[in-house]
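Examination of the molecular architecture
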Amino acid sequence: VVSSDLRKTIDGLIGTGAAEAASRSLTELWRREASPATAQFLITSYNTIREHLSLRSFRLAILRSFTVEPAVPLLRAAAFTAGIDLTVHVGDFNAYAQEILDADGRVFRFAPDVVILAVQTCDIAPDLWRGYADLTPQGSAAAATRVMTGFCDWVRAFRKRSQASLVLHTLEQPARSSMGVLDGQSSHGQSSAILQINHELRRLAEKHNGVYVLDYDALVARHGRVCWRDEGKWLTARMPIAAGHLIHLAQEWLRFLVPLSGKISKALVVDLDNTLWKGVIGEDGIAGIQIGPEYPGAAYQALQRAILDLYQRGIILAICSKNNQEDAMEALRNHPGMILRPNHFAAMRINWGDKAQNLREIAAGLNIGTDALAFLDDNPVEREQVRMALPEVNIIELPDDPLGFADTLRDQLAFERLTLSEEDRQRGSYYAAQDQRLELLEQVTSKEDFYRSLEQEAEISPVAPATLSRVAQLTRKTNQFNLTTQRYEEQQIAELAKLADWQVVSMRVRDRYGDNGLVGVAITHQAGTVCEIDTFLMSCRVIGRTVETAFLSCLVEQARERGARLVRGWFFPTNKNAPAKNFYSDHGFELVTQNEKGSLWELSMSAANVNCPDWVRLIVHGGVKK
Amino acid sequence: MTPAIFLRIQGIAADLFEIPHEQVTPLSSPENIENWDSVQHLNLILALEQEFGILFSTEEIDEMKNLGAIKSLLERKLDHSA
């Protein structure tokens, strides 16, 4: 299909109100030709169907020292295809410093979710750019210090005024050094000075919650410094980036917006034949398939390495393959070229059944929604069938040449993460233990026996610096057992925890099979004798094991110690949180009122109480904040 | 076969300025197209550079008074580079 036909198809689909199908075709069009004109076409089209799609609304402010306007439609179009409806505010030209320092200014009134600070080396440090040859080593050091002092002040001022995330561009190196090859002969040269600033920027970001670094210098280098810059447009329109590269800047921004807005895939489901290895195991046998350090097996090893990198990043892995299970398992266990082994996969569906059905079962087994799945399969027919049956699954389009598989996977926005907690690192092993727990459930007869046999321990603590990132992550990622689905950024949690009348607590659950990690979060607000539950959520990993009762009993007890006589909380229904629907009524709360948003429940503590199940051992740290 | 140059310009202009193809003519200019402001002018230049794989000089950009002028300019440039 040529693109003009695709556009007619899209117009037709929009005309008949087929919003989901139109969105898929728009994504396809964007994949083929990401250009300024196509971007405007996508924005116009999405504006007519956005209400009928489940898009995440997100607000971005870009503070800048150069013209970024042409990149904005490209970004908005790309964001739409990633499921994000982006509202963008662009700060005044080269006014970033004043805008950050002006607490009542337009930027903060815009109430952004995220702010990008895009400043060029030639603007913030002209002496380190064109004027470098004039500098003494002391002058160079002083210039670097001046730049970093500026960044430190802005970040500190920004944090005082806003809880939004902040993304800092690193400074780019010039394509041609002021000193020529002489620059490389000194450890105090131009290139070293800029490198040093970029290193300091990373340290600055590490010190502040919700501040991240976008390596603009690496982005420019990846595409070639000489090709990236358009000096003519810089001098005439203050737009320094060549036409063909604006899309790469927009894409790089989106790599941050996807994880920040929570539009991510939690699990990757992979096919086996001609995806993880070359050949068909059922026909070629273990000696016939190709996977190893030589071509063509090397392309598949590169893909396996990329998949293993995702596993280390906390992405859950699963297999869905049409094969005889014994054949496939033999290759997974014994082929010397395999990088991935059975223990890396939290679920396997190796059978001759329908892949969409297998994906549903994998999602159910992992306690996640099918919309949190990504699907990797070399066969376009399988991809299309899954797309038809489960349009919410993130289907990865692989190129025909296997040499491009690994890079395609590495470029997937849905696997980008901005923080990596200990939880993320351990996730794979948690899920492997989960399999054993389910086997136990099949062996024991009554649910109570099952609970007892788990030997569960719930450890409840106030949020601490070490758990801040995980707590915030849970509020953003948990959809199912989540009563109010309030989303918080790390720095917002940090702020709440500091307030005397707010309590932020987390729950860690252990059992005989190991540590489930930090899996529960509750945020409460106490005003006099009323304790209101703002957030109560649990990771799907521990749903259905009564630890929620243990957690609630602890909250109620702590509220009582603070002098509460009433505990109340809202339940806001969503498409996903049915598992939490009866939580309050099951625990003796009375319905107070109901409106179109949800229902308000109340527990009068003189009349009722919540008891911890005797099969959960409760460990409470930190006492009560009064 | 690639479509004629003006058809390609027309497609880009129709998208950028959000108007039907038939309203895009060689006489279309910032004077008679509402959405053709300075930001969209820059976007048009960038879109054409990307579409045709070329780079306009500052002098050439000054010549771009209407789509007809842009078409002649592109014909000249592409002819030279062919």
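Everything quoted here is computed from the prediction, not taken from an experiment. (Residues numbered from 1 in each chain as written. Chains lettered and ligands numbered in written order. Predicted model: local features only at pLDDT ≥ 70, side-chain atom pairs only at ≥ 80, totals over all residues. Heavy atoms only, no water.)

As for the pattern of salt bridges
Residue and element names in this part refer to chain A. Selection rule: In the sections that follow, a salt bridge refers to a side-chain nitrogen of Lys or Arg positioned within 4 Å of a carboxyl oxygen of Asp or Glu. Secondary structure elements follow DSSP: runs of H or I of four or more residues count as helices, runs of E of two or more count as strands, with numbering from the N terminus. Note on exposure labels: buried denotes an accessible area under 20% of the residue type's maximum, exposed denotes more than 50%, and partly exposed covers the range between, all computed with a 1.4 Å probe on protein chains only.
Under the counting rule described, the total for this entry stands at 43 salt bridges over all chains. Close ionic contact of Asp-127 with Arg-146 constitutes a salt bridge, the shortest N to O distance being 3.0 Å. One end of the pair, Asp-127, is in helix 8 (residues 126-129); the other, Arg-146, is in helix 9 (residues 137-161), and 19 residues separate them in sequence. Of the residues examined, Asp-127 reaches a relative accessible area of 23% and is grouped as partly exposed. Between Asp-377 and Lys-355 there is a salt bridge, with the nearest N and O atoms lying 2.8 Å from each other. Of this pair, Asp-377 sits in the loop between strand 9 (373-376) and helix 19 (380-389) while Lys-355 sits in helix 18 (residues 355-366), and the two are 22 residues apart along the sequence. Neither residue differs from the other here; Asp-377 and Lys-355 are each classed as buried. The network of salt bridges with shared partners includes Arg-222, Glu-252, Arg-255 and Glu-416.

Describing the pairing of strand 8 (residues 345-350) of chain A
Residues and elements named next belong to chain A. We apply this condition: When DSSP finds two or more bridges between a pair of strands, those strands are recorded as paired. Every crossover in which the path from the first strand over the helix to the second runs clockwise, viewed with the strands pointing away from the viewer, is termed right-handed.
Pairing between strand 7 (residues 316-321) and strand 8: 5 bridges, direction parallel. Opposite Ala-318, over in strand 8, you have Ala-347 as the bridge partner. Taken together, strand 7, helix 17 (residues 325-334) and strand 8 constitute a β-α-β crossover, and its handedness is right-handed.

Section: the confidence of the model for chain B
For clarity, the cut-off: By definition, pLDDT measures how confident the predictor is in each residue, and it falls between 0 and 100.
With 93% of its residues at a pLDDT of 70 or more, chain B has an overall mean of 91. On the interface metric, ipTM, the complex scores 0.89, and its pTM is 0.78.

Brief notes about the packing of aromatic side chains
Residue and element names in this part refer to chain A. Heads up, the condition is: Side-chain rings of Phe, Tyr and Trp (the six-membered ring for Trp) are treated as a pair once their centres are within 6.5 Å; stacked means planes under 30 degrees apart, edge-to-face means over 60, and tilted covers the remaining angles. Working rule: Lys NZ or Arg CZ, within 6 Å of ring centre, within 35 degrees of ring normal, means a charge sits over the ring.
Applying the stated criterion to the full structure yields 15 aromatic pairs over all chains. Taking 6.1 Å as the distance between ring centres and 85 degrees as the angle between the ring planes, the aromatic pair formed by Tyr-300 and Phe-405 counts as edge-to-face. Here Phe-405 lies in helix 20 (residues 405-410) and Tyr-300 lies in helix 16 (residues 297-312), a separation of 105 residues in the sequence. The residues Tyr-300 and Phe-405 share a single accessibility class, namely buried. Arg-59 extends its terminal NZ or CZ atom over the ring of Phe-110, reaching a point 4.2 Å from the ring centre. Positioned above the aromatic ring of Trp-234 is the side chain of Arg-238, whose terminal nitrogen or guanidinium carbon lies 4.4 Å from the ring centre.

Overview of unusual backbone geometry
Residues and elements named next belong to chain A. A cis amide bond links Tyr-295 to the next residue, Pro-296, at an omega of 0 degrees. In this structure, Asn-94 is a non-glycine residue whose phi angle is positive, near 55 degrees. Secondary-structure assignment places Asn-94 in the loop between strand 2 (84-90) and helix 5 (96-101). Phi angles above zero are rare outside glycine, and Ala-111 is one such case at about 55 degrees. Residue class for Ala-111 comes out partly exposed when judged on its relative accessible area of 44%.

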